[in-house]
Structures are given as C-alpha cells and as structure tokens.
Amino acid sequence: MLPYFGFLLLLKSLTAEGCTANQSSTATLTATEDSRLLGNGTVSPPFNSTCQWNITAPGGKVLSIDARIFFFNRACGDEYLKIHDGPSESSSLIAEYCSLNVSFSIIKFSSSDRSVWIETKRGPLYSNSFFLIFYKAIPFEECSLNTTLNASLSPVEHNFSSPYWPLGYHLSTTCGWYITAPENHSVVLHLKYKLSMDSLEIYDVEGSATSLVARFTARVPGRLYRATIYSKFRRLYILFKSNVKTVDTDERFYASYSAITPKCSFNTT
C-alpha cells in the first residue's frame, strides 16, 4: 500500500508541474532563492508524454541549475531531455541527452538571463530513464575581461573565482583579471581547479607585453587539481574561457593571491 501511495504522490507532483501521460504539456515556474527540485522528487516522466518547463528567476537574478541525468540510452526519437538557455525551445541548446552510452551525466551552470527551458519526451515503451534537476534564483554577477586587483603583501591574501562559485557558471563565458603587486614585488597565485573542457590561462605582464606562463585545461573530469604560479614581473593576467558543452561537466576554479619578494618558479600537483 505504501509504495502505491508514494507513486500517487509522485504522479500528483508531476501533474501539478505540467507533466501528464499521453499528452504534451507545459508548466511555467518561478524560481526563488531556495533550491527546488523539478517535479518535487525523482522525475521519471510519464509514458508517452512530452513535458516542458519554463523556469524564470525574478528581475536582477539568474538561474542556477544542477542536473543529474540517468539512463537516457534510447534513440533520440524515442526519448530525450533537452536544456535550453532561455525562455523557449528555440533558445540556445545547452545540452541534449539521448542515445547515451553512459548511465549517468551531470551538468551545472548558470543561465545567461532569467530563464531556462527544459523539455523531456518519453515514448510508450518501458524505460528506466529519470533525472534530478535542482534550480534556484541567484544574483547576477558581472564578468569582465579587465577586472583589476591589487595584491597585498604576504601573508595577507585575497581571492577570486569562476563566476557564481561554488555553483556552475554561464556557459560560453570569458573573464579576465589583472593582478598587480607593489613596486619591487611579484605576485604569487594559488589555484584550485576542475577544468576538463574549459580553460584558464596565466600571463606575465610587463608594460603592454604579455607572455603565456601556463594553461590549464583537458584534465580528468571531476578531479581537483592545484597549482602555484609566481609572476616574473609585477603583474599577472588570468584569462578564463568556458564553452557550451553537451557532456558531463562540473568545472570551476578558485584562486588566492598575494605579493612577495621576486621569485621565479612554477609548481603543480
């Protein structure tokens, strides 16, 4: 009796958010600062259905999406899950899940504006596919190519990070930071990062000239790496680039920095 009652509760929650069997349906949801789970539970779409959700954040905010996708192994004509960055199915496609040769996928990102469109289709045949999608509204963060930072003398440290740390950032984003040490000092930069498809580039800066010191990308997905960079001169420039992805992604970086007496070395672990 209890499993049947639980099934009824799940079906009720799906129906309340516009997802019912044997038809196409659309629901409009408003995100708050509290994290919510789409469908109010583990979402296994009803058979023979196409379900759509338009999730919108209040003004001045964007959406943080944390999605877990399971067993979308059937052909795309039979079942799929699509996530769009925008308020409709014609908005930019961030990810599409179908015909997967893996059992589990993950994607974390922040929307470029206020809305995300999610659509899933399930055919009449049995399937064990399901997904967990958490969403919430977060304040918009500016991402500039020319953010300027001043390094304080060690041991005082300051920090910066990929946008919306520790949440996922907006895909197709480029950000840059200039760090400047006082006269007769150099910059020491400590990094923690997970970057498999996106990249972080570190440049020495002398006057108007720049030279590449290191580039971090193409690492094992999900693994946390660390690195320490010492500038040759007074300034470093850090360039972060993200791309639209259709594979597993949980990427980010966190940096701390300070000014020290000049030293030239480079260590990673």
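Going by an unreviewed UniProt entry, the chain carries the name Dorsal-ventral patterning protein tolloid and comes from Stylophora pistillata.

Peer 1: Is there a simple way to think about the confidence of the model for the chain in this case?
Peer 2: The predicted coordinates of low-pLDDT regions are not to be read in fine detail. Overall, the predicted model of the chain reaches an average pLDDT of 85, with 87% of residues at or above 70. Mean pLDDT in the chain bottoms out at helix α1 (residues 2–16), which sits at 38, and peaks at strand β10 (residues 147–150), which reaches 97. Ignoring residues within four places in sequence, the model shows residues 1–16, a span with pLDDT below 50, making nine contacts including any to other chains.

Peer 1: Explanation requested: the sheet that holds strand β4 (residues 61–70) in the structure shown.
Peer 2: Neighbouring strands of a sheet are bound in pairs by backbone hydrogen bonds; such pairs are parallel or else antiparallel. Strand order in the open sheet formed by four strands is β2-β9-β4-β7, with antiparallel pairing between adjacent strands. A single partner strand is all that each edge strand has here, and the edge strands are β2 (36–37) and β7 (104–110).

Peer 1: Would you explain unusual backbone geometry in this entry?
Peer 2: Leaving glycine out, the prevailing phi sign among residues is negative, and the prevailing peptide bond configuration is trans. Omega for the peptide link from Ser154 to Pro155 comes to 20°, which places this bond in the cis form. Mapped onto the elements, Pro155 comes out in the loop between β10 and β11 (158–161). Residues Trp165 and Pro166 are joined by a peptide bond in cis, for which omega reads 0°. Mapped onto the elements, Pro166 comes out in the loop between β11 and β12 (174–180). In this structure, Phe71 takes a positive phi of about 60° despite not being glycine. Tracing the backbone through its elements, the reader meets Phe71 in the loop between β4 and β5 (79–85).

Peer 1: What exactly am I supposed to notice about the side chain of His84 here?
Peer 2: With respect to the element layout, His84 can be found in strand β5. At a separation of 3.4 Å, a polar atom in the side chain of His84 contacts the main-chain carbonyl oxygen of Glu89. Excluding its chain neighbours within four sequence positions, the residues that come into contact with His84 are Glu89, Ser91, Ser92, Leu93, Ile94, Val116 and Trp117.

Peer 1: When you look at the pairing of β5 in this model, what are you seeing that I'm missing?
Peer 2: For a regular strand, the rule is simple: side chains alternate between the two faces of the sheet. Most of β5 is tucked away, with six of its seven residues classed as buried. Here six bridges tie β5 to strand β8 (residues 115–122), and the two strands are oriented antiparallel to one another. Counted as the bridge partner of Ile83 is Ile118 from β8. Inspection of the sheet shows β5 paired to strand β6 (residues 92–97) by five bridges, in the antiparallel sense. Looking at the pairing, His84 lines up with Leu93 of β6. Hairpin remark: β5 followed by β6, antiparallel, with six residues in the connecting loop; positive phi at Gly86, about 155°.

Peer 1: Sorry if this is basic, but what is going on with the pattern of salt bridges here?
Peer 2: Side-chain pairing between opposite charges can occur once the charged atoms of the two side chains come close. Inspection of the entire model under this criterion finds four salt bridges. Between Lys61 and Glu33 there is a salt bridge, with the nearest N and O atoms lying 3.1 Å from each other. Of the two residues, Lys61 is situated in strand β4 and Glu33 in the loop between β1 (24–30) and β2; the sequence distance between them amounts to 28 residues.

About the cut-offs
Residues numbered from 1 in each chain as written. Predicted model: local features only at pLDDT ≥ 70, side-chain atom pairs only at ≥ 80, totals over all residues. Heavy atoms only, no water. pLDDT = per-residue confidence, 0-100. Helix = DSSP H or I, 4+ residues; strand = E, 2+ residues; numbered from the N terminus. Contact = heavy atoms within 4.5 Å. Pairing = 2+ DSSP bridges. Polar contact = N/O pair within 3.5 Å; in protein donor to acceptor, adjacent residues only side chain to side chain. Buried < 20%, exposed > 50% of the residue type's maximum accessible area, 1.4 Å probe, protein only. Salt bridge = Lys/Arg side-chain N within 4 Å of Asp/Glu carboxyl O.

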